[in-house]
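# Structural characterization, general
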Amino acid sequence: MYDLTLTFDNGPDPVVTPRVLDILDARGLKTTFFVIGEKLADPERRALAVRAHGEGHWIGNHTFTHSIPLGEQPDRDAARNEIGRTQAAIGDLAHPQRWFRPFGGGGNLDARLLKPSVVDHLVRNAHSCVLWNAIPRDWDDPDGWIERALDQCSRQPWTLLVLHDLPTGAMDHLERFLDRADANGARFRQDFPPQCVPIRNGEIVLSIQDYVSCIEESNRP
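Here is what the cut-offs are and how they apply
Residues numbered from 1 in each chain as written. Predicted model: local features only at pLDDT ≥ 70, side-chain atom pairs only at ≥ 80, totals over all residues. Heavy atoms only, no water. Axes fitted to C-alpha atoms, helices over the stretch in contact; angles between N-to-C directions. Helix = DSSP H or I, 4+ residues; strand = E, 2+ residues; numbered from the N terminus. Parallel < 35°, antiparallel > 145°, perpendicular 65-115°, else oblique. Left-handed = near helix turned anticlockwise from the far one by under 90°. Contact = heavy atoms within 4.5 Å. Nonpolar A, V, L, I, M, F, W, Y, C, P; charged D, E, K, R; others polar. Phe/Tyr/Trp six-rings, centres within 6.5 Å; stacked < 30°, edge-to-face > 60°. Buried < 20%, exposed > 50% of the residue type's maximum accessible area, 1.4 Å probe, protein only. Lys NZ or Arg CZ within 6 Å of the ring centre and 35° of its normal.

## As for the packing of helix H1 (residues 16-27) against helix H6 (residues 174-183)
The geometry of H1 relative to H6 is characterised by a closest axis approach of 10 Å and an angle of 30 degrees between their N-to-C directions. Our classification of the angle between H1 and H6 gives roughly parallel. Like other packed secondary-structure pairs, H1 and H6 cross with a definite hand, here right-handed. In this structure, H1 uses Arg19, Val20, Ile23 and Arg27 to contact H6, whose residues at the interface are Leu174, Glu175, Leu178 and Asp179. Classifying every residue of the contact of H1 with H6 gives four nonpolar, no polar and four charged.

## Some thoughts on the packing of aromatic side chains
For the structure shown, the criterion picks out six aromatic pairs. Geometrically, the ring pair formed by Phe8 and Phe33 is stacked, given 5.3 Å between the ring centres and 20 degrees between the ring planes. Separated by 25 residues along the polypeptide, Phe8 in strand S1 (residues 2-9) and Phe33 in strand S2 (residues 32-35) bring together distant segments of the chain. Aromatic side chains Trp58 and Phe192 sit 5.8 Å apart centroid to centroid with 70 degrees between the ring planes, which places their arrangement in the edge-to-face category. On the criterion of sequence distance, the pair formed by Trp58 in strand S3 (residues 58-61) and Phe192 in the loop between strand S7 (186-189) and strand S8 (199-200) is long-range, its members being 134 residues apart. Judged by its relative accessible area of 4%, Phe192 falls in the buried class. Ring-pair connections join several aromatic residues into one group, and the members of that group are Phe34, Trp58, Trp99 and Phe192. The positively charged end of Arg85 is found above the aromatic ring belonging to Phe64, 3.8 Å away from the centroid. Of note, Arg189 hangs over the ring of Trp158, and the distance from its end group to the ring centre comes to 3.6 Å.

Quick look at the structure:
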């Protein structure tokens, strides 16, 4: 037996997200969708975020452009441009804890995630920073990620799994993954393992030193 929290990054996608929502609804599962801010400008994609919210899923912030990890951006306006604009786009769909997931540039848990001004923004705006402890690289291996995900889940008591509602073909296997996880004793839940939320409601509750770059200090005149 183990606990399993599902999350979906990088959407909404007009083809894949509806199918994911249908699968989750049929099983009574609630998750979090960490959305890309610029995608919400498209009415069809925003309607999917509205649908997800209406069906009990949480909507989180996954930057506006998902282009360069924030810890690698020297621009001091990066937090406002990437986090602030996305939160404005999410609007009243936002969870009270204002979930934010940084972009790791390939699932990396290192200093690429954040930088000092980004941490300041998260604290000042009462965000909660949500990381992860399992990333089966479904975008990179759309047909083979299931075994990797099941193995990662089996190695810890509570898994926060990152999947992607993107048109890679990976979500064609979502039902099979859920069947196998359920057969293996997964207890699906919507909340996050405490060790994966180092900033909660604007308060730094766990060490974030490993996730914060010194890019701004290195670029001072």
